[in-house]
Amino acid sequence: MAAMSPSSGADTDSPRLILRSYRASDHDQVDFIFYSTYFALVPEGVKAKLKSPLFWLGWLGIYAYLMMCVPIVLDGMGLPWWVYPVLRGIISLAWIVVAFAGLFVLTDRLDVVDRIEQARQNDLRDPECTYMNIIKEECVVSDDKDKLEDDEGVKKRVTFDKDTKPATELVRRPRDAPTQSHFWVLQMDGQVCGTVGIVQYDETQYDERPRTPPGWKKIGQLLCERYHLRVPQFLQFDPYNPRVALAGPHEPYTASLQRLAVKHEFQNCGLSTLMLNRALAWAHQQGIRHIYAVTNEMQTHAADILKSRHQFVRVKKERKGWLGKYEITWVCPVEEWFAKHADANDKLFQESPATATAAASSSSSSS
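Participant: Just to check I follow, could you spell out the layout of surface pockets for this structure?
Facilitator: Sizing a probe to match a water molecule and rolling it over the atoms shows the empty space that remains. Of the voids in this model, the second largest pocket is the one considered here, and its volume is about 290 Å³. Arg109, Leu110, Val113, Asp114, Glu117, Asp207, Arg209, Pro210, Arg211, Thr212 and Val244 are the residues that line the second largest pocket. In terms of residue class, the lining of the second largest pocket is built from four nonpolar, one polar and six charged.

Printed below as a string of structure tokens:
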């Protein structure tokens, strides 16, 4: 993997910037970058909700109800006339504060947490398996052997108590039919500061998290338990059935761009463009023709980068909720992007012999 450093031999104080493939030891840092940068998008989520007509309809409805209650509550108390406008002003201010605070809590504790956990419990649970074409299996250690050889031929001793369950070891091996997937991390002076991945699924991907029942079903179940009643069929809920599909299998010569993130203190320095250039150049080397990406209402800045700097074109926009939640699907024609952005002198765009062979074989098979 290419390593890029703006520093020279004469300027040893300049930061050393390296873009490399993901390693298992990067997991904790990648996880931190992903969820910390996502929580920073809460204000964008609040803005999207403020643009929803449904929010303002509900806000104005409750506000009108509160204003109607003021004269009813104070009627007959013999209070001076100025109490009514003062009380209305206090209620108006309080309702504004409560409503907007509620928007922040809803966005932060529900929307953002749900999207973070969806990624952490699925593709980011183990990026090696999702993006690096590695399969990890637990194998039982045979009883008649207490010595095993590792990958370098060095023997290691495995001991265990025979009265307990059999000892196991984690075995890593490459996939028999690898997909065109990869994951990169960007390092600044040894500190991971950015991530990006390209994934190609060969089968439908399902959410590994158990589903949560709707609120009204929870309340109904609690009431049945409270009064020792049998829970009716319409209130029952299976958290694992039906399974929620997150993504379908990719068509040949297509893949998806995912998990583009730059640590907050390194943003607005062009690092996202650096990582996107590498990912899209790698996709071109692999013979991928179209790269898809999905952004939501919180990722307006990322959507602008994809559209204005990397020739991504909007395919569709889907509403995902009532309060301004949506997802936009983008596509980038890799050949056109490469013709416009490729620089023969930049290591980002230089093909290694292996990738050149792969690209040639895929193009010949398509013809």
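Participant: Could you clarify how one ought to interpret the side chain of lysine 49 in this entry?
Facilitator: Here lysine 49 is to be found in helix 2 (residues 42-50). According to the relative accessible area criterion, lysine 49 is buried, its value standing at 2%. Of the polar contacts made by the side chain of lysine 49, one reaches the side chain of aspartate 111; its length is 2.4 Å. When residues no more than four places from it in sequence are discounted, the contact partners of lysine 49 are Phe55, Leu103, Leu106, Thr107, Asp111 and Leu323.

Participant: Where do I start with the pairing of strand 10 (residues 254-262) in this structure?
Facilitator: Note on strand geometry: in a regular strand, side chains alternate between the two faces of the sheet. Buried residues dominate strand 10, accounting for seven of its nine residues. As judged from the five bridges shared by strand 7 (residues 191-199) and strand 10, these two strands associate in the antiparallel manner. Its bridge partner being in strand 10, glycine 197 is matched across the sheet by glutamine 258. Since strand 10 and strand 11 (residues 290-296) lie parallel, the crossover through helix 7 (residues 271-285) that links them has a hand, and here it is right-handed.

Participant: Would you take a moment to explain the pairing of strand 11 for this structure?
Facilitator: Across three bridges, strand 10 lies against strand 11 in parallel orientation. Residue pairing for strand 11: serine 256 is matched across the bridge by tyrosine 292.

Participant: Would you mind going over a positive patch on the surface with me for this structure?
Facilitator: A contiguous patch of positive charge on the surface is contributed by Lys51, Lys307, Arg314 and Lys317. Topologically, arginine 314 is positioned in strand 12 (residues 313-319).

Participant: Would you explain the pattern of salt bridges in this entry?
Facilitator: Side chains that carry opposite charge are capable of pairing whenever their charged atoms lie near each other. One pass over the full model with this rule turns up 19 salt bridges. Here lysine 136 ties to aspartate 126 by a salt bridge, and the two come within 2.9 Å at their closest N and O atoms. Remark: aspartate 126 occurs in the loop between helix 4 (83-120) and helix 5 (127-131) and lysine 136 occurs in strand 2 (residues 134-140); sequence separation between them is ten residues. Its relative accessible area of 26% is what places lysine 136 among the partly exposed residues. Via salt bridges that share partners, Asp126, Glu128, Lys136 and Arg172 belong to a single interconnected network.

Parameters at a glance
- Residues numbered from 1 in each chain as written.
- Predicted model: local features only at pLDDT ≥ 70, side-chain atom pairs only at ≥ 80, totals over all residues.
- Heavy atoms only, no water.
- 1 Å grid on protein atoms, 1.4 Å probe; cavity = no way out; pocket = protein on both sides within 12 Å on 5 of 7 lines; lining within 4 Å.
- Points joined across faces, edges and corners; volume = space filled by probe spheres on them.
- Nonpolar A, V, L, I, M, F, W, Y, C, P; charged D, E, K, R; others polar.
- Helix = DSSP H or I, 4+ residues; strand = E, 2+ residues; numbered from the N terminus.
- Buried < 20%, exposed > 50% of the residue type's maximum accessible area, 1.4 Å probe, protein only.
- Polar contact = N/O pair within 3.5 Å; in protein donor to acceptor, adjacent residues only side chain to side chain.
- Contact = heavy atoms within 4.5 Å.
- Pairing = 2+ DSSP bridges.
- Right-handed = clockwise from strand over helix to strand, strands pointing away.
- Patch = residues over 30% accessible without salt bridge, like charges linked within 9 Å, V, L, I, M, F, W, Y side chains within 5 Å.
- Areas by Shrake-Rupley, 256 points an atom, 1.4 Å probe, with all protein chains shown as cover.
- Salt bridge = Lys/Arg side-chain N within 4 Å of Asp/Glu carboxyl O.
- Lys, Arg positive; Asp, Glu negative; His and termini not counted.
- Charge placed at Lys NZ, Arg CZ, Asp CG, Glu CD.

Interpretation note: all reported values are geometric properties and have no functional meaning in isolation.
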